[in-house]
Amino acid sequence: MSAFNLKSSLSKIGAGILLAATAVIASPSAMAAGGGGCGTYTNADGENVTLECSHAPIDLTNKGSLQRGAAMFMNYCVGCHSAQYVRHSRIAQDLDIPPELVEKYLLVTSDQIGDHITAQIDPDTQAAWFGAAPPDLSLVNRLRGDDWVYTYLLSFYEDPSRPWGANNLVLANAAMPHVLHNLQKELGQEEYEARVGDLVNFMAWMAEPVRHERKIYGAFVLLFLLALLIPVYLLNKEFWKDVK
Ligand code: HEC
């Protein structure tokens, strides 16, 4: 009887830990999968091709990459897009950029370092210009997945039939112009992809600044639960030892 109970309670604890572990390990990939791949397009032969997402080089511990990404975001994106949940001061703090430098180089659309990132041009005006309002980008990496955003930014192609001369494989007939076109020509493909990787890395940080810490805490919680298993097991043995 006691052996049976011990076994069942142990297996319940074990199952709980396993479930927690799966949740922690699987969460980022499950999130990306929520985006539903990178779409389909029709190629020159009229065949429908499924576009595989490219893997975004996300590493929130790489401060250099995050800093380069922040500079790119402030230079190329905030003309149209806001990031309403992100303050410039948080960029300074988390990315180890001296506040003076943030004030000098990254305060593009406001003059207070405590301000949120706002778009230079009002989204409603832009909706009239582009046919679609540029969405706020604070959380886009969580909504679409890092790989989607990375693939999207790398999937602009020339299309003279579009108003801005460019189209996108991931988001067909996107209202967004290929704003990195000159950079792409200037840098060459390899270097360009690395810079877009930095940009998407920064956007991943924006969407969840504590993502790296969350994983560390998760590992500690699991270790704690594993360690807790030992006294719980011994206690269980003690409680049931006289019940035969
Ligand atoms: C000239 C204005 C403009 C600039 C500059 C611009 N965008 Fe956009 N962006 C748009 C518009 C408009 C849309 C909406 C596209 C649509 O829905 O067809 C968009 C859409 C997007 C989307 C898709 C969002 C979604 O979930 O549908 C992403 C991601 C994005 N932009 C990222 C960027 C990044 C990163 C930069 C800087 C490199 C940037 N954009 C610069 C106008 C702009």
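Criteria and cut-off values
- Residues numbered from 1 in each chain as written.
- Predicted model: local features only at pLDDT ≥ 70, side-chain atom pairs only at ≥ 80, totals over all residues.
- UniProt positions renumbered as here; feature names shortened; annotations may be inferred.
- Near = placed C-beta within 6 Å.
- Helix = DSSP H or I, 4+ residues; strand = E, 2+ residues; numbered from the N terminus.
- Nonpolar A, V, L, I, M, F, W, Y, C, P; charged D, E, K, R; others polar.
- Buried ≥ 20, exposed ≤ 12 C-beta atoms within 10 Å, placed from the backbone.
- Axes fitted to C-alpha atoms, helices over the stretch in contact; angles between N-to-C directions.
- Parallel < 35°, antiparallel > 145°, perpendicular 65-115°, else oblique.
- Contact = placed C-beta atoms within 7 Å.
- Left-handed = near helix turned anticlockwise from the far one by under 90°.
- pLDDT = per-residue confidence, 0-100.

In the nomenclature of an unreviewed UniProt entry, the chain corresponds to Cytochrome C from the organism Moraxella caviae. Of the chain, the UniProt comment under Subcellular location (unreviewed entry) reads exactly: "Membrane".

**Q** Just to check I follow, could you spell out the site of the ligand for this structure?
**A** Taken together, 23 residues surround the ligand, and among them Cys77, Cys80, Pro134, Ala175 and Met176 come closest. The element best represented in the shell around the ligand is helix α7 (residues 146–153), accounting for three residues. Tallied by class, the residues present in the shell around the ligand amount to 20 nonpolar, two polar and one charged.

**Q** When you look at unusual backbone geometry in this model, what are you seeing that I'm missing?
**A** Most of the time, phi is negative for any residue but glycine, and the peptide bond is trans. In this structure, aspartate 96 is a non-glycine residue whose phi angle is positive, near 55°. In this structure, aspartate 96 sits in the loop between α3 (88–94) and α4 (99–106). Accessibility expressed as a C-beta count within 10 Å gives 11 for aspartate 96, which makes it exposed. Look at asparagine 173: it is not a glycine, yet its phi comes out positive at around 55°.

**Q** Is there a simple way to explain the packing of helix α2 (residues 63–76) against helix α9 (residues 189–207) in this structure?
**A** For any two helices packed against each other, one specifies the inter-axial angle together with the distance between the axes. Interhelical geometry of α2 versus α9 gives an angle of 90° and a closest axis separation of 7 Å. Overall, the two elements α2 and α9 adopt an arrangement that is roughly perpendicular. In contact with Ser65, Leu66, Arg68, Gly69, Ala70, Met72 and Phe73 of α2, α9 contributes Arg195, Asp198, Leu199, Asn201, Phe202 and Trp205. Classifying every residue of the contact of α2 with α9 gives seven nonpolar, three polar and three charged.

**Q** It is not clear to me how the packing of α7 against α9 should be interpreted in this structure. Could you clarify?
**A** One can describe the packing of α7 onto α9 by two numbers: an axis separation of 10 Å at closest approach and a directional angle of 145°. Once α7 is placed against α9, the crossing between them reads as right-handed. Taking contact as the criterion, the partners of Asp146, Val149, Tyr150 and Leu153 in α7 are, on α9, Val196, Gly197, Val200, Met203 and Ala204. The residue inventory of the contact of α7 with α9, partitioned by class, reads seven nonpolar, one polar and one charged.

**Q** Just checking my understanding: could you explain the confidence of the model for the chain for this structure?
**A** Fine structural detail should not be taken from predicted coordinates in areas where pLDDT scores are low. Considering every residue of the chain, the mean pLDDT works out to 89; 87% of them sit at 70 or more. Throughout residues 29–35 the model reports pLDDT below 50, and contacts reaching past four residues in sequence, or to other chains, amount to nine contacts.

**Q** What is the right way to look at the UniProt feature "binding site: heme c" (unreviewed entry) in the chain in this model?
**A** When the UniProt feature table is mapped onto this chain, "binding site: heme c" (unreviewed entry) is found at Cys77, Cys80, His81 and Met176. Annotated residues spanning 100 residues; largest pairwise C-alpha distance 10.6 Å, indicating a single compact cluster. Structurally, cysteine 80 is set in the loop between α2 and β3 (83–87). Residue cysteine 80 is classed as buried on the basis of its 20 C-beta neighbours within 10 Å. Not counting residues within four places of it along the chain, the set of residues in contact with cysteine 80 comprises Ala119, Ile121, Gln126 and Pro134. Structurally, the position occupied by histidine 81 is in the loop between α2 and β3. Not counting chain neighbours up to four residues away, the residues in contact with histidine 81 comprise Ala119, Pro134, Asp136 and Leu137.

**Q** Just to check I follow, could you spell out α7 for this structure?
**A** Count 3.6 residues to each turn of an α-helix, and residues three or four apart come out pointing the same way. Extensive coverage of α7 is indicated by the burial of eight of its eight residues. Inspection of α7 places Asp146, Asp147, Trp148, Val149, Tyr150, Thr151, Tyr152 and Leu153 among the buried residues, and these make up the whole buried set.

**Q** Is there a simple way to think about the environment of glutamate 100 in this case?
**A** As for its position among the elements, glutamate 100 is in helix α4. Residue class for glutamate 100 comes out exposed when judged on the 10 C-beta atoms lying within 10 Å of it. Sequence-wise, glutamate 100 and isoleucine 113 are 13 residues apart; in three dimensions their C-alpha atoms are separated by 9.4 Å.

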